[in-house]
Number of protein chains: 2
Amino acid sequence: MRVEEPTSSFRARQERLRALMETHHLQLLLVTNLVNVRYLTGFTGSAGVLLLGLREGWLWVDPRYTLQAGEQAVGVEVIEERKGILPGTSKWIGKNEVRELAFESASLTCAQFDQLREKARGNIQFKPAGDLIEELRVVKDRGEIEAIRAAGKLSAEVFAEILPHVRRGIKENDLAAEIEYRMRRNGAEGAAFETIIASGPRAAFPHARPSSKALEESELVIFDLGAIVSGYAADMTRTVFLGQPSRRLLKLYSAVIKAQAGAVQVVHDSASAGEIDSAARRILARHGFSRYFTHSTGHGVGLEIHERPRLGKGETTCLRSGSVVTVEPGVYLKGLGGIRIEDTVLVGPQGPEILTPAPKDKWVIS
Amino acid sequence: MRVEEPTSSFRARQERLRALMETHHLQLLLVTNLVNVRYLTGFTGSAGVLLLGLREGWLWVDPRYTLQAGEQAVGVEVIEERKGILPGTSKWIGKNEVRELAFESASLTCAQFDQLREKARGNIQFKPAGDLIEELRVVKDRGEIEAIRAAGKLSAEVFAEILPHVRRGIKENDLAAEIEYRMRRNGAEGAAFETIIASGPRAAFPHARPSSKALEESELVIFDLGAIVSGYAADMTRTVFLGQPSRRLLKLYSAVIKAQAGAVQVVHDSASAGEIDSAARRILARHGFSRYFTHSTGHGVGLEIHERPRLGKGETTCLRSGSVVTVEPGVYLKGLGGIRIEDTVLVGPQGPEILTPAPKDKWVIS
């Protein structure tokens, strides 16, 4: 499965970045975060350095990727470098008498910076550029939304396929392997993160990894999964129960469902990240369960599984039409386990659109 | 599947590092490379910062990992930090009036370094520590060797299981998904890297990713795979041919087999990395194929799939008893495809031991 992105998308992203560079008085930006290189040029190789000027761009790759970069990379000149990509880039910077260079300080190690400074020589002023590109990535364009939509649909389908296999005696590990296998078979590039299957008391730990534990009668089981399609991730969680749930459990599940749906309703253009978080908390509080909700409500998702914004307490970042975020309240009770429900949600022109359309009502497996 | 490492291993690794620190006149080393944190303490969480002194050690984690770190981490005091691990560590460093701090310059970003310097305040002398820990990791201890041995055995078994499924019409992607699924089902934590299945002309690119291309008659197919067991990777490659190979192909295959076996024979305590590489090249040259061998002969393998040493031209690093490296000569011919044979090899006390015991003679699938 592949969602094609038109080359015009990459050109448009570069132009948006250039406008930001001008605002910040940056002439040249060194992009060393490979996710950002991909976002801006379409190049998907595992090594490469991008230098973006206000009118031109250059992409350094090693010989493994010369051909691929030539085919993929939009709007830049590809330069093959045989003796280390960053040293090559640095020498070019020195030769071209660059006076001022912005760089991604969160994606350049101290060792790389020293190498850059040494090889470029000259009297260059280095400017940390902040997270300009990460900020751009908060609003997805049409091709990106299509890719996340495809990843979300595929994830939901795989969950629906796996549900009939969920029964007592099956191991968490085996369910996780089965899910990731079906993702690949159904056309995903792979899993966006290690699939979480957490059953019984283990489900009380939000970040439990799948283990060799078998599912048992009267246990909650959390499924947290997401596929990658064309480089873009989706993220969803469903919780099921094996057996007949108690009244308390029915109340807990119903409260989480309501908190999740209520928070999704708030996902609109110009809503702040904090508002979505507080909507989920308010609804859980109304049912008396807010103290069991121990993490933030969600996060952006796209080329990376965790992107901006964080949907947490007091976050003032505003969502914009085209943003894609997860909404995932959960309750965790020591000994009993946990219940978490998560969807990937698009801020659409008419409001929220759920991109991971898997059912939430078939949660009792008797 | 799990190979247990005794806590004495971690203590011994810390003592070896402390001896090196004394040699280099380092009092305190900040370890930010998580692989190195795991190597030294046994802590496997996805976030944590270690500070190692000559007699003590401290490990900062966030609340998700307090319990886990308490159970896993050997020889260090665990400190829970709620407001950012590195800022917390930095404040502690400031409070304790540290005068001199060694750090891993290849595993600390410029942004992190600025944060460290700002929060620690005071007049601290920062010293890049080089790759002390990576150098230690070149010689594996008993527990590490057992884990790699288990990963190698499992990888070889999965390849043997998959071989009967290799036939015309099956897609590269589907074979890769099947292999990774079986790794998990057979007890691996996962694949150490994205499994490579490259068929026909695509096999001429050493780093081809699996695609939706189906295998065809008269094609070479390269399988490059490796499982992770208890955190440790194995790495192996086999090449098969669908149909009746030509005389030229038989010669090519036989030359690669000989080059690989010949290079494995050189894997001994005190052999230099370059000697192993030149052994492979010499044998290929004798058959007239050395110009088709376009990459280096191998690399170390352990907690990471690519570690030191690199087995390349002129590399002077010497192997030691307990080192584990891959030996993987290959030939790549445009249009025709490629042949690569790779094993993970232990430098044992009596010489080389192949840890990926999959057959190499059943390569013709008619």
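Here the structure is a predicted model, which is why all the values come from computation and not from measurement. Starting from 1, residues in each chain are numbered consecutively following that chain's sequence as written. Ligands are numbered from 1 and chains lettered from A, in the order in which they are written. Whole-chain, interface and lining totals are the exception, using all residues; otherwise, since this is a predicted model, local features are given only for residues with pLDDT of at least 70 and side-chain atom pairs are given and counted only at 80 or more. Only hydrogens and water are set aside when side-chain values are computed; all heavy atoms of the structure are taken into account.

Comments concerning the overall build of chain A
Numbered from the N terminus, helices here are DSSP runs of H or I no shorter than four residues, and strands are runs of E no shorter than two. When you go through chain A residue by residue, the secondary structure sums to ten helices and 20 strands. Type-normalised accessible area, obtained with a 1.4 Å probe on protein chains alone, sets the label of each residue: buried when under 20%, exposed when over 50%, and partly exposed for intermediate values. Taken across its 366 residues, chain A has 58% of its residues classed as buried. Here a residue-residue contact requires only that any non-hydrogen atoms of the pair lie within 4.5 Å. If you take every contact in chain A between residues at least 6 apart in sequence, the share linking residues at least 24 apart comes to 67%. A total accessible area of about 15400 Å² is found for chain A, and carbon and sulfur atoms account for 50% of it. The distance from the centre of the 48 positive side-chain charges to the centre of the 45 negative ones in chain A is 4 Å. For the accessible areas, the method is Shrake-Rupley and the probe is 1.4 Å, while residue cover comes only from the protein chains on display. His is not counted here, nor are the chain ends, while Lys and Arg score as positive and Asp and Glu score as negative. The atom standing in for a charge is NZ when the residue is Lys, CZ when it is Arg, CG when it is Asp and CD when it is Glu.

Topic: the domain arrangement of chain A
Residues and elements named next belong to chain A. In this entry, domain limits derive from an automatic or database-based domain assignment. In terms of domains, chain A is made up of domain 1 (7–137) and domain 2 (142–365). Relative to domain 2, the C-alpha centre of domain 1 lies at a distance of 35 Å. Taken together, the eight residues of domain 1 in the interface contact eight residues of domain 2. The rule for a salt bridge is simple: a side-chain nitrogen of Lys or Arg has to be within 4 Å of a carboxyl oxygen of Asp or Glu. Counting every contact that joins domain 1 to domain 2 gives five salt bridges. A salt bridge links Arg13 to Glu144, with the shortest nitrogen-to-oxygen separation between them at 4.0 Å. Pairs of N or O atoms are called polar contacts if they sit within 3.5 Å, as long as, within protein, a hydrogen donor faces a hydrogen acceptor (for residues adjacent in sequence, only side-chain-to-side-chain pairs). In this structure, the connection of domain 1 to domain 2 is made through five residue pairs in polar contact (both at pLDDT 80 or more).

Here we look at the packing of helix H7 (residues 142–162) of chain B against helix H8 (residues 172–185) of chain B
Residues and elements named next belong to chain B. Axis definition: a line fitted to C-alpha atoms, limited for helices to the stretch in contact. Angles are taken between N-to-C directions and run from 0 to 180 degrees. Remark: H7 packs on H8, axes separated minimally by 10 Å, with the N-to-C direction vectors making an angle of 135 degrees. Considering their axes alone, H7 and H8 lie oblique with respect to each other. The two elements H7 and H8 meet at a crossing, and its hand is right-handed. Residues Leu154, Val158, Glu161 and Ile162 of H7 pack against Leu175, Glu178, Ile179, Arg182 and Met183 of H8. Of the residues contributing to the contact of H7 with H8, the split by class is six nonpolar, no polar and three charged. Throughout, the term roughly parallel applies to angles under 35 degrees, roughly antiparallel to angles over 145, roughly perpendicular to angles from 65 to 115, and oblique to all others. Crossing handedness is defined as follows: a turn of the near helix away from the far one that is anticlockwise and smaller than a right angle gives a left-handed crossing, while the clockwise case is right-handed. Polar here means any residue other than Ala, Val, Leu, Ile, Met, Phe, Trp, Tyr, Cys and Pro, which are nonpolar, and Asp, Glu, Lys and Arg, which are charged; Gly is therefore polar.

Structural notes on the nonpolar core
Definition of nonpolar core: a set of buried residues of the types Ala, Val, Leu, Ile, Met, Phe, Trp, Tyr and Cys, connected through side-chain atoms within 4.5 Å. Ranked by internal contacts, the top residues of the largest apolar core, which has 64 residues, are Leu17(A), Leu59(A), Phe159(A), Val166(A) and Phe223(A). It is helix H7 (residues 142–162) of chain A that contributes the most residues to this core, ten residues altogether. Residue-level mapping places this core at the junction of two domains, with at least three residues from each of domain 1 (7–137) and domain 2 (142–365) of chain A. Residues within four places of Leu59(A) in sequence aside, it is in contact with Val37(A), Phe43(A), Val49(A), Leu50(A), Ala69(A), Ala73(A), Val76(A), Glu77(A), Val78(A) and Ile79(A). Of all hydrophobic cores here, the second largest spans 63 residues; its members include Ala150(B), Leu163(B), Ile179(B) and Leu355(B).

Side note on the relation of the copies chain B and chain A
With an RMSD of 0.0 Å, the fit of chain B onto chain A corresponds to turning through 180 degrees and sliding 0.1 Å along the axis. The two molecules are tied by a two-fold rotation axis, judged by turn and shift. The C-alpha atom lying nearest the rotation axis in chain B is that of Thr109(B); the distance is 1.9 Å. Of all interface residues in chain B, 100% are interface residues in chain A too; the two copies therefore contact each other through one and the same surface. For the least-squares superposition of copies, only C-alpha atoms count, and only for residues with pLDDT at least 70 in both.

Re the sheet that holds strand S3 (residues 57–61) of chain B
Strands in a sheet are paired, the pairing made by backbone hydrogen bonds, and the direction either parallel or antiparallel. All names here are of chain B. Spatially, S4-S3-S2-S1-S5-S6 is the arrangement adopted by the six strands of the open sheet, whose pairing is mixed. Across the chains shown, the open sheet's two edge strands, defined by having one partner strand only, are strand S4 (77–80) and strand S6 (125–128). The sheet shows a mean angle of 25 degrees between the axes of neighbouring strands, taken without regard to direction. Following DSSP output, two strands are said to pair if at least two bridges run between them. As paired strands, strand S1 (residues 28–31) and strand S5 (residues 100–103) are joined by two bridges and run parallel to one another. Counterpart to Leu29 in the pairing with S5 is Ala102. Lying over the sheet, helix H4 (residues 85–95) contacts S1, strand S2 (49–53), S3, S4 and S5, oriented at roughly 145 degrees with respect to S3.

Some points on the interface of chain B and chain A
Counting from both sides, the interface comprises 22 residues of chain B and, opposite them, 22 residues of chain A. A 1.4 Å probe defines the accessible area here, and the buried area is the portion of it lost by two parts on being joined, summed over both. Note on chain B versus chain A: buried area summed over both sides is about 2000 Å², and carbon and sulfur give 55% of it. Counting the surface chain B buries against chain A, the share from its top three residues, Cys110(B), Tyr181(B) and Arg184(B), is 30%. For the pair chain B and chain A, the number of links is four salt bridges. Between Glu180(B) and Arg184(A) there is a salt bridge, with the nearest N and O atoms lying 3.1 Å from each other. Here chain B and chain A share ten residue pairs in polar contact (both at pLDDT 80 or more) between them. Take the side of chain B that touches chain A: its biggest share by element is nine residues, from H8(B). Along the lines of polarity and charge, the residues of the side of chain B that touches chain A split into twelve nonpolar, four polar and six charged.

Re the pairing of strand S18 (residues 343–348) of chain B
All names here are of chain B. With six of six residues buried, S18 is to be regarded as a mostly interior element. Residues Asp343, Val345 and Val347 point to one face of S18 and Thr344, Leu346 and Gly348 to the other, with burial holding for every one of them. By the bridge criterion, four bridges tie strand S15 (residues 324–327) to S18 in an arrangement that is antiparallel. Each bridged residue has a counterpart across the sheet, and for Val325 the counterpart in S18 is Val345. Sheet topology note: the S18/strand S19 (residues 351–354) ladder contains four bridges and is antiparallel. What sits directly across from Val347, in S19, is Pro352. Linkage of S18 to S19, two consecutive antiparallel strands, is achieved through a turn of two residues.

Considerations on the environment of Leu20(B)
Residues and elements named next belong to chain B. With respect to the secondary-structure elements, Leu20 resides in helix H1 (residues 7–23). The spacing of Leu20 and Ile133 is 113 residues in sequence and 9.2 Å in space, taken between C-alpha atoms. Leave out the neighbours within four places in its chain, and Leu20 touches Leu132 and Leu136.

What to know about helix H8 (residues 172–185) of chain A
To estimate the expected span of a helix, subtract one from its residue number and multiply by 1.5 Å. Taking 1.5 Å of rise per residue, 14 residues should cover 20 Å, and H8(A) covers 20 Å from first to last C-alpha, within 8% of that figure. By the criterion of burial, H8(A) is predominantly enclosed, with eleven of the 14 residues buried. Those residues of H8(A) lying buried are Glu172(A), Asp174(A), Leu175(A), Ala176(A), Ala177(A), Glu178(A), Ile179(A), Glu180(A), Tyr181(A), Met183(A) and Arg184(A). Elements in contact with the buried residues of H8(A): H7, strand S7 (190–191), strand S8 (196–199), strand S9 (219–225) and strand S10 (227–229) of chain A together with H8 of chain B. Taken from the residues just after H8(A), Gly187(A) is the one with a positive phi, measuring 110 degrees.

Re unusual backbone geometry
All names here are of chain A. The omega torsion across Arg308 and Pro309 is -5 degrees, close enough to zero to call that bond cis. If you trace the backbone, Pro309 turns up in strand S14 (residues 307–311). Although it is not a glycine, Ser270 sits at a positive phi angle of roughly 80 degrees. With respect to the helices, strands and loops of the structure, Ser270 is situated in the loop between helix H9 (247–265) and helix H10 (273–286).

Some thoughts on a positive patch on the surface
Residue and element names in this part refer to chain A. The grouping of Lys83, Lys91, Lys95, Lys119 and Arg121 at the surface amounts to a positive patch. Looking at the element boundaries, Lys119 is found in helix H5 (residues 110–120). Take Lys119: its relative accessible area is 33%, and that puts it in the partly exposed class. Think of a patch as exposed residues, more than 30% relative accessible area, with no salt bridge, where like charges cluster within 9 Å and nonpolar side chains (Val, Leu, Ile, Met, Phe, Trp, Tyr) cluster within 5 Å.

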